[in-house]
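Observations on chain architecture
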Amino acid sequence: MRMQMPRFTRLTNAFSKKIENHAAAVALWFAYYNFCRVHSSLRVTPAMETDVCDYVWSIKELCELLPESHKIVVETDKTLILKAPERRLG
């Protein structure tokens, strides 16, 4: 867990300054780890291995568990998407 979350090291910008933010980030990471991430040794998610669920969750499904007050609606306007300038190597 410590290796996958820079929030646990104070040397990064991702360090949590509020305990509420830290608890929310840890809870989100645990949910992702157990329901969305397929483990190489198990070849399924830990939730599938313990028969808690029968399929791999998508990130979208995980985000749908948020209460309505925390949901953010993102609308993409195709005219606002800009291409990054190409870099020339050499």
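Located above this text is the structure these notes cover.
Description of the structure in this document.

Here is what the cut-offs are and how they apply
- The numbering scheme is per chain: residues are counted from 1 as the chain's sequence reads.
- Totals for whole chains, interfaces and linings use every residue, but because this is a predicted model, local features are given only for residues with pLDDT of at least 70 and side-chain atom pairs only at 80 or more, for both listing and counting.
- The side-chain quantities take in all heavy atoms of the structure and omit both hydrogens and water.
- Here, nonpolar core refers to any group of buried Ala, Val, Leu, Ile, Met, Phe, Trp, Tyr and Cys residues whose side-chain atoms link them within 4.5 Å.
- Partly exposed describes any residue whose relative accessible area lies between the buried limit of under 20% and the exposed limit of over 50%, with all areas from a 1.4 Å probe on protein chains only and scaled to the type maximum.
- The contact criterion used is simple: two residues touch if any of their non-hydrogen atoms lie within 4.5 Å.
- Side-chain rings of Phe, Tyr and Trp (the six-membered ring for Trp) are treated as a pair once their centres are within 6.5 Å; stacked means planes under 30 degrees apart, edge-to-face means over 60, and tilted covers the remaining angles.
- Secondary structure is summarised from DSSP: a helix means a run of H or I of at least four residues, a strand means a run of E of at least two, and numbering begins at the N terminus for each.

Soluble globular proteins tend to pack their nonpolar side chains together in the buried interior. In this structure, Phe-35, Cys-36, Ala-47, Cys-53, Trp-57 and Leu-62 together form the largest nonpolar core, which totals six residues. Excluding anything up to four places from it in sequence, Ala-47 contacts Asn-34, Phe-35, Val-52 and Cys-53.

Attention now goes to the packing of aromatic side chains. For any pair of aromatic rings, the description rests on two quantities: the centre-to-centre distance and the angle between the ring planes. By the definition in use, this model includes three aromatic pairs. Between the aromatic rings of Trp-29 and Phe-30, the centroid separation amounts to 5.3 Å while the plane-to-plane angle is 75°, which identifies the pairing as edge-to-face. What makes Trp-29 buried here is its relative accessible area of 12%. Taking the relative accessible area as the measure of exposure, Phe-30 reaches 38% and is therefore partly exposed. Aromatic side chains Trp-29 and Tyr-33 sit 4.9 Å apart centroid to centroid with 25° between the ring planes, which places their arrangement in the stacked category. With Trp-29 and Tyr-33 both in helix H1 (residues 19–35) and four residues apart, the pair spans about one turn of that helix. Accessibility expressed as a relative area gives 26% for Tyr-33, which makes it partly exposed. Taken together, the ring pairs in this structure connect Trp-29, Phe-30 and Tyr-33 into an aromatic cluster.

On to unusual backbone geometry, then. If a residue is not glycine, its phi is most likely negative; likewise, a peptide bond is most likely trans. Despite not being glycine, Arg-43 shows a phi value in the positive range, around 65°. Locating Arg-43 in the fold gives a position in the loop between H1 and helix H2 (46–49). Not every positive phi belongs to a glycine, and Asp-51 is a case in point at roughly 60°. Within the secondary structure layout, Asp-51 lies in the loop between H2 and helix H3 (59–63).

Note on placement: Leu-28 falls in helix H1. A residue is classified by how much of its surface remains accessible, and Leu-28, at 51% relative accessible area, is exposed.

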